[in-house]
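Here are the chains, one letter per residue:
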Amino acid sequence: MQSRSTRKALPPTAPAPAPAVAPRTLPLHAVPSTLLIPLAARAAGDACFPHLACGDAEASRQLRHLGVDVSTYLADRPTVLNVLWRTRRIRAAGRAFFARHPHAWGINLGCGLSHYFQWLDNGRNTWVDADLPEVMALRRALDPPLSPRLRRAILDVTHPQWWQALHLPRRALAQPLFVVCEGVLMYLRPAQARQVLAQFATHAPAGSRLWIDVLPQCAVGHARWHSSVGRTGAEFQWGIRHPDELCASHPRLRLLQLHSVAECYGWLGRGLDALWNPWIGMPLYGLAELGV
């Protein structure tokens, strides 16, 4: 979580999309509207942090089509860094996963406008992007026709039976799944977030992986102080006091890795991470890999 005092002016080399429509005029409610934050970071953040550049051609294309002014999101440099860092982490994990399971399926829960398949398509795997009806309607208007191996699903992960709404065929469940759920769980009530984890653990085949980003409990109720999220009206509702909580929802769940964004800040970031860890129990912003 970052304060508004962290904002700085963009360098002259950073792309500055011409504003056409204010972000709040998009047909999205508070939480879905947060999709503009990672979209802006992936589309135009490479110039801010070249060492974390993602080269997201799809995000750049989508942002041009939307014509929205995302300059305020790009000015929130710590969040831009967070998004690029987690994107590269998930992308690397996905490539390694599909190298081991080349015919497997990947699923992006609460996908927003992210497009991981542009990097993870190996010519044999299948990918499912899933989100709320209003988000998927926007996505259909922006995206070109689908590949036969790139699918869409309308999905509300707060519904107790959301897994069934994916309509995964038997061949998808014949091997492990690679599942992404970024920028989603922190906006759910604690019981809803735990239910998402439990559904994954109940239904996913052995060897499946789930990548989620996590906040500490102390962030709950304080989204208004976040330079980007505070503009959307969304609120942080779920955080954890200790990483062990991530596995408490189901006996099959295992925490395989927990990465801290502090690693992007070198020795200073790692030192600060070690300093506050005894007080809050985990990184200020982390990326967790869960397995079954």
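Whatever comes next refers back to the structure up there.
Rules and cut-offs
Residues numbered from 1 in each chain as written. Predicted model: local features only at pLDDT ≥ 70, side-chain atom pairs only at ≥ 80, totals over all residues. Heavy atoms only, no water. Axes fitted to C-alpha atoms, helices over the stretch in contact; angles between N-to-C directions. Helix = DSSP H or I, 4+ residues; strand = E, 2+ residues; numbered from the N terminus. Left-handed = near helix turned anticlockwise from the far one by under 90°. Contact = heavy atoms within 4.5 Å. Nonpolar A, V, L, I, M, F, W, Y, C, P; charged D, E, K, R; others polar. Pairing = 2+ DSSP bridges. Buried < 20%, exposed > 50% of the residue type's maximum accessible area, 1.4 Å probe, protein only. Arc of directions from axis to C-beta. Core = buried A, V, L, I, M, F, W, Y, C linked by side-chain atoms within 4.5 Å.

S.K.: An account of the packing of helix α2 (residues 36–44) against helix α3 (residues 57–66) is needed here, citing residue identities and associated values.
M.R.: Where α2 contacts α3, the axes come no closer than 8 Å and their chain directions differ by 120°. Where α2 crosses over α3, the handedness of that crossing is left-handed. In this structure, α2 uses Leu36, Leu39, Arg42 and Ala43 to contact α3, whose residues at the interface are Ala59, Ser60, Gln62, Leu63 and Leu66. Of the residues that constitute the contact of α2 with α3, the class distribution is 6 nonpolar, 2 polar and 1 charged.

S.K.: Outline the sheet that holds strand β2 (residues 126–131), listing residues and values.
M.R.: Overall, mixed pairing links the 7 strands, which are arranged β3-β2-β1-β4-β5-β7-β6 in an open sheet. With one partner strand each, in any of the chains shown, β3 (150–154) and β6 (254–260) form the two edges of the open sheet. Neighbour-to-neighbour, the strand axes of this sheet turn through a mean angle of 20°, independent of strand direction. Bridging between strand β1 (residues 105–109) and β2 involves 5 bridges; their strand directions are parallel. What sits directly across from leucine 109, in β2, is alanine 130.

S.K.: Which residues make up α2, and what values go with them?
M.R.: Among the 9 residues in α2, 9 count as buried, and that is most of the element. Listing the buried residues of α2 in full gives Leu36, Ile37, Pro38, Leu39, Ala40, Ala41, Arg42, Ala43 and Ala44. On the buried face of α2, the contacting elements are α1 (30–33), α3, α4 (71–74) and α5 (77–100).

S.K.: Which residues make up the environment of arginine 270, and what are the values?
M.R.: Within the element layout of this structure, arginine 270 appears in helix α9 (residues 266–280). Under the relative-accessibility criterion, arginine 270 is labelled partly exposed at 48%. Residues arginine 270 and proline 283, spaced 13 residues apart in sequence, show a C-alpha to C-alpha distance of 9.8 Å. In contact with arginine 270, other than residues within four places in its own chain, are Ala262 and Glu263.

S.K.: Run through helix α7 (residues 133–142), naming residues and quoting values.
M.R.: If you check which residues of α7 are buried, you get Val135, Met136, Leu138, Arg139 and Leu142. Taken around the axis of α7, the buried residues stretch over an arc of 160°, which confines them to a single face. If you follow the buried residues of α7, they end up packed against α1, α3, β2 and β3.

S.K.: Before we move on, could you go through the nonpolar core and cite the residues and values that matter?
M.R.: Counting residues in hydrophobic clusters, the biggest one holds 55 residues, and the most contacted among them are Leu36, Leu66, Trp127, Phe178 and Phe236. Looking at this core element by element, the count peaks at 9 residues for α5. For leucine 66, the residues in contact, after removing those within four places along its chain, are Leu26, Leu36, Leu39, Leu113, Leu138 and Leu142. If you look at the next biggest cluster of nonpolar residues, it comprises 36 residues, including Trp162, Leu166, Ile212 and Val292.

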